[in-house]
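Below are the chains, spelled out letter by letter.
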Amino acid sequence: MPAAASPDTTVRPALSWGLIPATLLSSSAILLFALRGTSVALSLTGYGMLAGGLLIAWLFDRSRRTDGLFRDLLLIAIGMVIVSTISVKADISWGNFFLVGFVLAAAVTVPYLVSRFVFRDRLIRFPWRGGWPWSRVQWGYIALVLVLGWLILPFYFITSGVYLNWPNTVTADEIGRLFVGVNAVGTWDELFFILTVFVLFKRHFPVWQANLLQMVIFVSFLWELGYQAWGPLLMIPFALLQGWIFSQTKSLPYVLTVHLLLDVVVFLVIVHARNDGVFPFFLVSP
């Protein structure tokens, strides 16, 4: 991938005090999202880990072991707590459709507003324009993503049975809501996990560490959404690639294009699986 026009050349140490609270906060997503509803004790432990990470970051900032880490972890925590107020398991009933949309929008908007108007910081941005032109490598990667999605996603969804985590879609109304929902959540994924969480982590840690930290939160959310069974074997590299590509290109349109094209395949696979193999162009049918 071509490098961004103004790359961040700041060298950040591989070992730092900040890794302790950041890892604690990131790991709390496993309990808050992936294991949501398992038990009250696990949920409370997850909130405790998140609060503990913030407290340690505040203490490290005060002792000058870190610089501004508490503020950035607080922004991430605000978004995580907002998302944790609801279940994000796939449900396209009209009430849940609008509820999830409102909560996910708030999880992006509130940290952005706090960052911009309370902290007077402009790190969280949504660069809808820029990153052009795309190189041959970038176009080739898009083509590769589509081919791999066509080959792998039907096999994953159908043989593992995880397509049952999504509601049945028979009527035009249900299919339309599924299409909008899948793509809306895919767009939100990039706005929150990459342009908010990853960018904030990257201020304090090397790209590879920031990427790992955001990946844990990203994949935990996707697990609750329905990408279970051996889904993490696909979602972990996807989350890491999305973070790395954005760090290289600084192009929201590009990472969003990659994600939404995959989501179109996901949508078609779910409809295919829920309707007795309606699409003949997939190699696997229920």
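It should be noted that the structure appears before, not after, this text.
### Examining helix α2 (residues 40–62)
1) Next: Here α2 is 23 residues long and its end C-alpha atoms lie 33 Å apart, about the 33 Å a rise of 1.5 Å per residue gives.
2) Next: Regarding α2, the residues found buried are Gly 46, Met 49, Leu 50, Gly 52, Gly 53, Leu 54, Ala 57, Phe 60 and Asp 61.
3) Next: Against the buried residues of α2 lie α1 (19–34) and α3 (69–84).
4) Next: Two residues or fewer after α2 comes Arg 64, characterised by a positive phi angle close to 65°.

### A closer look at the nonpolar core
1) Next: Formed by 84 residues in total, the largest nonpolar core has its most connected members in Met 80, Phe 157, Phe 201 and Phe 221.
2) Next: With 14 residues, helix α6 (residues 172–202) is the single largest residue contributor to this core.
3) Next: Phe 221 has contacts with Phe 33, Val 83, Val 88, Leu 104, Val 185, Trp 188, Asp 189 and Phe 193, leaving out every residue within four places of it along the chain.

### Things to note about the packing of α6 against helix α9 (residues 252–274)
1) Next: With their axes 9 Å apart at the nearest point, α6 and α9 run at an angle of 145° to one another. Two packed elements cross with a definite hand, and for α6 against α9 that hand is right-handed. Residues Ile 175, Leu 178, Phe 179, Val 182, Asn 183, Gly 186, Thr 187, Asp 189, Glu 190, Leu 191 and Leu 195 of α6 touch α9, and the partners they reach there are Leu 252, Val 255, Leu 256, His 259, Leu 260, Asp 263, Val 264, Phe 267, Ile 270 and Val 271.
2) Next: Looking at the contact of α6 with α9 residue by residue, the classes come out as 14 nonpolar, four polar and three charged.

### Some words on the side chain of Asn 211
1) Next: With respect to the helices and strands, Asn 211 occurs in helix α7 (residues 207–225).
2) Next: Among the polar contacts made by the side chain of Asn 211, one reaches the main-chain carbonyl oxygen of Leu 240 at a distance of 2.7 Å.
3) Next: Residues within four places of Asn 211 in sequence aside, it is in contact with Phe 198, Ala 239, Leu 240, Gly 243 and Trp 244.

### Quick notes on the packing of aromatic side chains
The geometry of an aromatic ring pair comes down to the distance between the two centres and the angle between the two planes.
1) Next: The tally for this structure, following the rule as stated, stands at 26 aromatic pairs.
2) Next: Plain terms: the ring middles of Trp 94 and Phe 97 are 5.9 Å apart, the flat faces sit at 75° to each other, and that makes the pair edge-to-face. In this pair, Trp 94 and Phe 97 are both assigned in helix α4 (residues 94–118), three residues apart and thus about one turn of the helix distant.
3) Next: Ring geometry for Phe 97 versus Phe 98: centroids 5.6 Å apart, planes at 90°, classification edge-to-face.
4) Next: For Phe 97, a relative accessible area of 22% gives the class partly exposed.
5) Next: By relative accessible area, Phe 98 is classed as exposed at 55%.
6) Next: Taken together, the aromatic side chains of Phe 33, Trp 188, Phe 192, Phe 193, Phe 218, Phe 221 and Phe 238 make up a single cluster linked through ring pairs.
7) Next: Over the ring of Trp 17 we find Arg 65; its NZ or CZ atom is 4.9 Å from the centre of that ring.

### Quick notes on the environment of Gln 242
1) Next: Residue placement: Gln 242 occurs in helix α8 (residues 232–249).
2) Next: Residue classification places Gln 242 among the buried positions, given a relative accessible area of 0%.
3) Next: Gln 242 sits 13 residues away from Val 255 along the chain, and the two C-alpha atoms are 6.3 Å apart.
4) Next: At a separation of 3.0 Å, a polar atom in the side chain of Gln 242 contacts the side chain of Glu 190.
5) Next: From its side chain, Gln 242 meets the backbone oxygen of Val 255 in a polar contact 2.9 Å long.

### Quick notes on the environment of Tyr 112
1) Next: Mapping Tyr 112 onto the fold places it in helix α4.
2) Next: Under the relative-accessibility criterion, Tyr 112 is labelled partly exposed at 22%.
3) Next: A C-alpha to C-alpha distance of 18 Å links Tyr 112 and Arg 129, two positions 17 residues apart in sequence.
4) Next: The contacts of Tyr 112, once residues within four sequence positions are left out, are Ile 124 and Phe 126.

### Notes on α8
1) Next: Given a rise of 1.5 Å per residue, 18 residues ought to cover 26 Å, and the 25 Å separating the end C-alpha atoms of α8 matches this to within 8%.
2) Next: For α8, every residue scored as buried is listed here: Leu 234, Met 235, Phe 238, Ala 239, Gln 242, Gly 243, Ile 245, Phe 246, Ser 247 and Thr 249.
3) Next: Those residues of α8 that are buried are in contact with α5 (136–160), α6, α7 and α9.
4) Next: One or two residues past the end of α8 sits Lys 250, with phi positive at roughly 55°.

Rules and cut-offs
- Residues numbered from 1 in each chain as written.
- Predicted model: local features only at pLDDT ≥ 70, side-chain atom pairs only at ≥ 80, totals over all residues.
- Heavy atoms only, no water.
- Helix = DSSP H or I, 4+ residues; strand = E, 2+ residues; numbered from the N terminus.
- Expected span 1.5 Å × (residues − 1).
- Buried < 20%, exposed > 50% of the residue type's maximum accessible area, 1.4 Å probe, protein only.
- Contact = heavy atoms within 4.5 Å.
- Core = buried A, V, L, I, M, F, W, Y, C linked by side-chain atoms within 4.5 Å.
- Axes fitted to C-alpha atoms, helices over the stretch in contact; angles between N-to-C directions.
- Left-handed = near helix turned anticlockwise from the far one by under 90°.
- Nonpolar A, V, L, I, M, F, W, Y, C, P; charged D, E, K, R; others polar.
- Polar contact = N/O pair within 3.5 Å; in protein donor to acceptor, adjacent residues only side chain to side chain.
- Phe/Tyr/Trp six-rings, centres within 6.5 Å; stacked < 30°, edge-to-face > 60°.
- Lys NZ or Arg CZ within 6 Å of the ring centre and 35° of its normal.

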